[in-house]
Amino acid sequence: DPGHGQFGNKGVLSYYEGTQMWKLGQYLQADLEARGWTVTNTRPKITDDPALETRGQMAAGQDLFISLHSNAPGPTAANYSNIRGVAIYDSVADRLDYLEVPLCAEIARIMRTPNNGVKHRWNTRTDRQGQDYYGVLRNAVTVARCPDAMLIEHGYHTNLSDAAWLLLDQNLRLLAHVEGDMIDNRWRKQHDVPPIKEEDDMVFCYQGQGSTTNPDADVVQMQTGFLKLDIPMKNPTTGKIFTTADGSYGPATAQGVKNFEYVYNMTQSDGSQFTDLHVRIMLQELAKLAEGISQ
């Protein structure tokens, strides 16, 4: 459930919660479907904006309801623009700590923003005592009888750092992959449902490929991209910094891969492989550089 409508909730820069969460929702749906899930999207088109009751009630017959949002403080909050961080609101009718606690921590880690934890918010209306405050969760659980429901606040769109991170398409793709992976693995394990094996990314080049006397073309392309994007390639043993593409995938280049992963918020590896996922992100960043778009 990507929250709000297309131009709902303007943030800083050119951020709209309804637009960015719709994009995240498309990527997350594709990721989960690739893992064998059947996904119903409350907003298949970016212009869709169903009522809260309708969104929640679309969870009928589903195993899990996920509402995607970014946050904003109350208008009178102190340090308004400096407040940031990730939080997950669990339905008061269930307990998804096995999934939500590590998921919230991982989202915060890759966004490099505070982890504000898993929360519960009860309704204060007399006729809704013991039910969820949030209409989408309340309708998903109380009306649609969906067994599990959560609302994820992906940072604060009123904060420059959080909003800038969420505006980058490759970050949303990474977020969808991380969320899809954790939801799939932990939900399946909890419910004893066998996983569907996901194909690993193809390896573009690997440590040990090429040499200074016999340079490899793929390694040259990778190293050239690092140099253009100002990704340092430093030999961890000798301290030597490489400033040319020599076509040899050694320790300095492996360190460059690790630096690349850190800069672009990828899952950290030992730097021994440069995969198709690395290549896609590099090409996207080089295209921005060529178009003069700020990094």
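These lines cover the structure that appears in this document, whether it is placed above or below. (Residues numbered from 1 in each chain as written. Predicted model: local features only at pLDDT ≥ 70, side-chain atom pairs only at ≥ 80, totals over all residues. Heavy atoms only, no water.)

### What about the packing of helix 7 (residues 217-228) against helix 8 (residues 251-263)?
Here is step 1: Look at helix 7 against helix 8: their axes get within 11 Å of each other, and the N-to-C directions meet at 55°. Comparing their axes, helix 8 and helix 7 come out oblique. Here helix 7 runs over helix 8; the crossing is left-handed. Contacts from M222, Q223 and F226 of helix 7 reach helix 8 at T253, G256, V257 and F260.
Here is step 2: Split by residue class, the contact of helix 7 with helix 8 holds four nonpolar, three polar and no charged. (Axes fitted to C-alpha atoms, helices over the stretch in contact; angles between N-to-C directions. Helix = DSSP H or I, 4+ residues; strand = E, 2+ residues; numbered from the N terminus. Parallel < 35°, antiparallel > 145°, perpendicular 65-115°, else oblique. Left-handed = near helix turned anticlockwise from the far one by under 90°. Contact = heavy atoms within 4.5 Å. Nonpolar A, V, L, I, M, F, W, Y, C, P; charged D, E, K, R; others polar.)

### With respect to helix 7
Here is step 1: With twelve residues, helix 7 should reach 16 Å at 1.5 Å per residue; the first-to-last C-alpha distance of 17 Å fits that figure.
Here is step 2: Considered for burial, the residues of helix 7 that qualify are V219, M222, Q223, G225 and F226. Down the axis of helix 7, the buried side of the element spans an arc of 155°, and every buried residue falls inside it. Turned more than 90 degrees from where helix 7 packs its buried face, A217 and K228 sit exposed.
Here is step 3: For helix 7, the N-terminal cap is D216; the gap from its side-chain oxygen to the backbone nitrogen of D218 is 2.9 Å.
Here is step 4: Immediately beyond the C-terminal end of helix 7, within one or two residues, lies D230, with a positive phi of roughly 60°. (Expected span 1.5 Å × (residues − 1). Buried < 20%, exposed > 50% of the residue type's maximum accessible area, 1.4 Å probe, protein only. Arc of directions from axis to C-beta. Polar contact = N/O pair within 3.5 Å; in protein donor to acceptor, adjacent residues only side chain to side chain.)

### Notes on the pattern of salt bridges
Here is step 1: What the rule picks out here adds up to ten salt bridges.
Here is step 2: The partner of D31 in a salt bridge is R35, and the shortest N-O contact between them spans 2.6 Å. R35 carries the same exposure label as D31, and that label is buried.
Here is step 3: The residue K45 makes a salt bridge to D48 at a minimum N-O spacing of 3.5 Å. (Salt bridge = Lys/Arg side-chain N within 4 Å of Asp/Glu carboxyl O.)

### Remarks on the nonpolar core
Here is step 1: Counting residues in hydrophobic clusters, the biggest one holds 32 residues, and the most contacted among them are L103, M150, I152, L166 and I183.
Here is step 2: Tallying contributions element by element places helix 6 (residues 169-191) first for this core, with eight residues.
Here is step 3: Contacts of I152, omitting those with residues within four sequence positions, involve I66, S67, L68, H69, A87, I88, L103, I107 and E179.
Here is step 4: In this structure, L229, I231, A252 and M282 belong to the second largest nonpolar core, which totals 18 residues. (Core = buried A, V, L, I, M, F, W, Y, C linked by side-chain atoms within 4.5 Å.)

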